[in-house]
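Tertiary structure, described
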Amino acid sequence: MTTLGVIGLGRIGAFHTETLSGIEGIDGLVVADERPDVVAAVAAKYGAKPADSVEELLASGVDGVVVSAATPAHAELTLAAVHRGLPTFCEKPIAATAAESAKVAEVIARSGVPVQVGYQRRFDAAFAAAKRAVDDGSLGLLHTVRSTTMDPAPPPMEYIAGSGGIFRDCAVHDFDVLRWITGQQAVDVYATGSVQGDPRFAEYGDVDTAAVVVTFDQGTIGLVSAARYNGRGYDCRLEVHGFHDTVVAGWDQGAPVRNVDPDNEFPAGPAHHFFMDRFTDAFRAELTAFVDVVNGTAAPACTVADAVEVAWLAEAATESLRRGVPVRIDEVRSL
């Protein structure tokens, strides 16, 4: 049986604690957060043991750690767990910038401690089926992959102020999916965007609506659409186009679109409301896979090296938006 520690009990941390409490093979949870009242409430709700500090949690005999604190703390907390030899699950990103992520990755690689990064779309049944279709060759040569992420409403502006922008905190999921689905390396990125909602996005150097074109090393084109305002619900879809066939993921009955074809009632709804209800099963599968990593029966499905490459894509997109020109990945690596 396995005991896990959860560090950070905000929206995603509390959600992960709930998910972990229902996974077979986990016989104990230890939780920590900077807010004692939150620790007490979450511990009581899910039958976890409260820890007064991160240090207490790491020394409590846990077999592995889930880092779900705020982004600026990811690197420090992950390394603290790794230095104790504890397998670690870190929510994306592993660090605030690509350069820092690369440095953290070097330390983790030298340690030999397994670290899994939280890109849950890889564990969604439809996304995984799309990946299998690519890998078995049934689609033929890939020419275009489209990935969409549209939130029903923006997160709090306090979060936006420190998030690093739409490409670093939202479209990173799309960037990871593009790399994973194609199995290719990105060569260059062109990004554009606009502010049509809250003017504070512009004050923070961000946009609320964005599009990105990614060119991959074998010629496949990746197209990303990201937006903070999608009143009908949480929209997350994938289209994979090959010379022989096309597959899609996310076109289910909960797709938050209104079909105006009078002869077609799809989708029937209700629309997906938020990423946590859209990917509930994927999060469970992701954390179940991490338990296997902790137990030494599997390797991380999404590695720190993957996360670093995604971070460079986000850096290139951010730079492209700023400059209004395509930016090569090898260019941002040298900045």
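Residues numbered from 1 in each chain as written. Predicted model: local features only at pLDDT ≥ 70, side-chain atom pairs only at ≥ 80, totals over all residues. Heavy atoms only, no water.

Across the sheet, seven strands lie side by side as 12-11-7-10-9-8-13; this open sheet has mixed pairing. A strand with exactly one partner marks an edge of an open sheet, and here the two such strands are strand 12 (246-249) and strand 13 (327-328). Lying on the sheet, helix 6 (residues 125-135) is in contact with strand 7 (142-150), strand 11 (235-242) and strand 12; it crosses strand 11 at an angle near 10°. Those strands touched by helix 9 (residues 172-182) are strand 7, strand 9 (209-216), strand 10 (221-227) and strand 11, and its axis lies near 155° from that of strand 7. (Pairing = 2+ DSSP bridges. Helix = DSSP H or I, 4+ residues; strand = E, 2+ residues; numbered from the N terminus. Contact = heavy atoms within 4.5 Å. Axes fitted to C-alpha atoms, helices over the stretch in contact; angles between N-to-C directions.)

So, about the pairing of strand 6 (residues 115-118). Side-chain alternation along strand 6 places V115 and V117 on one buried face and Q116 and G118 on a second face that is also buried. Two strands pair when backbone bridges link them, and strand 5 (residues 88-91) and strand 6 are joined in this way by four bridges, in the parallel orientation. Residue C90 lies in a different strand from strand 6, and its bridge partner there is V117. Regarding the hand of the β-α-β motif, the stretch spanning strand 5, helix 5 (residues 98-111) and strand 6 is right-handed. (Buried < 20%, exposed > 50% of the residue type's maximum accessible area, 1.4 Å probe, protein only. Right-handed = clockwise from strand over helix to strand, strands pointing away.)

Tallied over the full model, the rule gives zero disulfides. C170 carries a free sulfur, and the closest cysteine sulfur to it, the one in C236, is 9.2 Å from it. The structure places no disulfide on C302, whose sulfur is separated from the nearest cysteine sulfur, that of C90, by 11 Å. Classification of C302 by relative accessible area gives buried; the value is 0%. (Disulfide = S-S within 2.5 Å.)

So, on to the sheet that holds strand 3 (residues 49-50). Pairing is parallel in the open sheet, where six strands are placed in the order 3-2-1-4-5-6. Each end of this open sheet is capped by a strand with a single partner; those strands are strand 3 and strand 6. Examined bridge by bridge, strand 1 (residues 2-7) and strand 4 (residues 64-67) share four bridges and lie parallel to one another. Paired with G5 across the strands is V65, a residue of strand 4.

This part is about the packing of helix 6 against helix 9. Where helix 6 contacts helix 9, the two axes come as close as 9 Å, and the packing angle between them is 35°. Here F127, A128, A130, K131 and V134 of helix 6 come into contact with helix 9, specifically with V177, W180 and I181. Residue composition of the contact of helix 6 with helix 9, grouped by class: seven nonpolar, no polar and one charged. (Nonpolar A, V, L, I, M, F, W, Y, C, P; charged D, E, K, R; others polar.)

The next thing to look at is the UniProt feature "domain: Gfo/Idh/MocA-like oxidoreductase N-terminal" (unreviewed entry) in the protein. Following the UniProt record, one finds the feature "domain: Gfo/Idh/MocA-like oxidoreductase N-terminal" (unreviewed entry) at residues 4-119. Taken end to end, residues 4-119 comprises 44% helix and 22% strand; its first and last C-alpha atoms sit 19 Å apart. (UniProt positions renumbered as here; feature names shortened; annotations may be inferred.)

To continue, consider the pairing of strand 2 (residues 26-32). Burial analysis of strand 2 places six of its seven residues in the buried class, which makes it a mostly covered element. Note: strand 1 against strand 2, six bridges, orientation parallel. Across the sheet, L4 pairs through a bridge with L29, a residue of strand 2. Remark: the strand 1/helix 1 (residues 11-21)/strand 2 crossover connection has right-handed handedness. As defined by bridge partners, strand 2 adjoins strand 3 across two bridges and the pair is classed as parallel. Residue V31 lies in a different strand from strand 3, and its bridge partner there is P50. With helix 2 (residues 36-46) bridging strand 2 and its parallel neighbour strand 3, the resulting β-α-β unit is right-handed.

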